[in-house]
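Summary of the model geometry
Letter by letter, the chains look like this.
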Amino acid sequence: MREESIQGKTAFITGASSGIGKAVAEQFAMHKANVVITGRRIERLEAFAKELEQKYKVKALPIQLDVTNSVEVQQVIEKLPMQVDFLINNAGLALSTDKIQDGSIKNWEMMIDTNVKGLLYVTRAILPSMVKRNQGYIINIGSIAGHETYVGGNIYSATKHAVIAISNSLRQDLLGTMIRVSTISPGAVETEFSHVRFNDKEKAKQLYKGFQPLVADDIADTVLYCATRPAHVNVAEMIVFPQAQASARDIYREGQEVVSPFGKK
Ligand SMILES: NC(=O)c1ccc[n+]([C@@H]2O[C@H](COP(=O)([O-])OP(=O)(O)OC[C@H]3O[C@@H](n4cnc5c(N)ncnc54)[C@H](OP(=O)(O)O)[C@@H]3O)[C@@H](O)[C@H]2O)c1
């Protein structure tokens, strides 16, 4: 099958200061795409942009952008000096594993504002120019938590269910155009995600003990795979687990007994 080249095209990536977004930016740059790398931590993005430009001889534009601020999103995108060919909606976070009865409304709002509203603000700002040119590709980073729930996953899971619903709706609303929309739904990936969730480095480290989690590059590979399919192919969704994971709740850790939820035989 012929792969489409992304060379010379531009990818706009949210949350490119760490983890999956950073790995996606690197893989796009490696394949000679220009990248707009955004996030709140501008110092990281500036250093990363320099590194990408030196290593891969592409344009890398670092922009400070908090996706929860709809006005800022609109202004940043209006001022962009180039057209966006690929939008990678990756910025996102989970905060705590509190049960709903103990939950922090502030945390809930932050997750909803970032994972759902932020994704919508950026999409709303970029999509009209894609529609006008009748070309473009939106890749949303969902999660296995967008298909399943688990104890303490509640609001994060709700936001990722919303990401999948938005992606599916986008494909419907864009019928008749050449624009494609994919969702990548990862299982456990070792990034800064769990530090942010628990605000505790040691606890985050423990989570990945006893099995080999995915790394950010594994997910970047899948994003690149989608982006390089021929124009008539739209990968709707990919669910990607580490080999040791079977569902949001089932991760096999070395030495552990595999027990049915209904108890031992
Ligand atoms: N790691 C996993 O196991 C896993 C599994 C399934 C899905 N995911 C999803 O993958 C995506 C990336 O997460 P990751 O694992 O790479 O975690 P990460 O290393 O913590 O990266 C999260 C990125 O999101 C950015 N971000 C957070 N809030 C933002 C805001 N308000 N505005 C702009 N950027 C913001 C962060 O940048 P700044 O802090 O600089 O703003 C950072 O670059 C998320 O959507 C997450 O839900 C992760």
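Look up a bit, the structure's there.
Attention now moves to the site of the ligand. Neighbouring residues of the ligand: 29 residues in total, closest Ser 17, Ser 18, Arg 40, Tyr 156 and Thr 191. Within the backbone of Asn 90, an N or O atom sits 2.8 Å from an oxygen atom of the ligand. One nitrogen or oxygen atom from the main chain of Val 189 is found 2.9 Å from an oxygen atom belonging to the ligand. Protein coverage of the free-state accessible area of the ligand, which is 880 Å², stands at 96%. Of all elements in the fold, only α1 (19-30) and α5 (154-173) reach the threshold of two or more residues within the shell around the ligand. For the shell around the ligand, the class distribution of residues is 11 nonpolar, 13 polar and five charged.

Turning our attention to the pattern of salt bridges. Inspection of every chain in the model, using the stated rule, returns six salt bridges. When the shortest N-O distance is used, the salt bridge between Arg 41 and Glu 192 registers 3.3 Å. Highlighted residues: Arg 41 in the loop between β2 (34-39) and α2 (42-56) and Glu 192 in the loop between β7 (189-190) and α6 (193-198), separated in sequence by 151 residues. Given the relative accessible area of 33%, Arg 41 is considered partly exposed.

Pairing in this open sheet of seven strands is parallel, and the strands run β3-β2-β1-β4-β5-β6-β9 from one edge to the other. Unpaired on one side and paired on the other, β3 (60-64) and β9 (237-240) mark the two borders of the sheet. Here the strands of the sheet are splayed against their neighbours by 15 degrees on average, with no regard to which way each runs. Relative to β3, β2 is paired through five bridges, and the arrangement is parallel. Bridging across to β3, Val 35 finds its partner in Ala 60. Contacting β5 (137-141), β6 (180-186) and β9, α5 runs over the sheet at an angle of about 160 degrees to β6.

So, about the packing of α1 against helix α8 (residues 216-227). Their axes nearest at 8 Å, the elements α1 and α8 cross at an angle of 50 degrees. By the angle class used here, α1 and α8 are oblique. The element α1 and its partner α8 pack so that their crossing is right-handed. Mapping the contact onto sequence places Gly 19, Ile 20, Ala 23, Val 24, Gln 27 and Phe 28 in α1 and Ala 216, Asp 217, Ile 219, Ala 220, Asp 221, Val 223, Leu 224 and Ala 227 in α8. The class makeup of the residues in the contact of α1 with α8 is 10 nonpolar, two polar and two charged.

Applying the stated criterion to the full structure yields three aromatic pairs. On the numbers, 6.0 Å between centres and 35 degrees between planes, the contact of Phe 86 with Tyr 137 is tilted. With Phe 86 in strand β4 (residues 86-89) and Tyr 137 in strand β5, the pair connects residues that are 51 residues apart, well separated along the chain. You can call Phe 86 buried: its relative accessible area is 4%. In this structure Tyr 137 comes out as buried when scored by relative accessible area, which is 1%. Here the aromatic cluster, defined as three or more aromatic residues joined through ring pairs, consists of Phe 28, Phe 86 and Tyr 137. Lying over the aromatic face of Phe 48, Lys 22 brings its terminal NZ or CZ to 5.0 Å of the ring centre. Stacked on the ring of Tyr 225, the Lys or Arg Arg 229 has its end atom at 4.0 Å from the ring centre.

The rules behind these values
Residues numbered from 1 in each chain as written. Predicted model: local features only at pLDDT ≥ 70, side-chain atom pairs only at ≥ 80, totals over all residues. Heavy atoms only, no water. Near = heavy atom within 4 Å. Polar contact = N/O pair within 3.5 Å; in protein donor to acceptor, adjacent residues only side chain to side chain. Areas by Shrake-Rupley, 256 points an atom, 1.4 Å probe, with all protein chains shown as cover. Helix = DSSP H or I, 4+ residues; strand = E, 2+ residues; numbered from the N terminus. Nonpolar A, V, L, I, M, F, W, Y, C, P; charged D, E, K, R; others polar. Salt bridge = Lys/Arg side-chain N within 4 Å of Asp/Glu carboxyl O. Buried < 20%, exposed > 50% of the residue type's maximum accessible area, 1.4 Å probe, protein only. Pairing = 2+ DSSP bridges. Axes fitted to C-alpha atoms, helices over the stretch in contact; angles between N-to-C directions. Contact = heavy atoms within 4.5 Å. Parallel < 35°, antiparallel > 145°, perpendicular 65-115°, else oblique. Left-handed = near helix turned anticlockwise from the far one by under 90°. Phe/Tyr/Trp six-rings, centres within 6.5 Å; stacked < 30°, edge-to-face > 60°. Lys NZ or Arg CZ within 6 Å of the ring centre and 35° of its normal.

In short, shape yes, function no, at least from these values alone.
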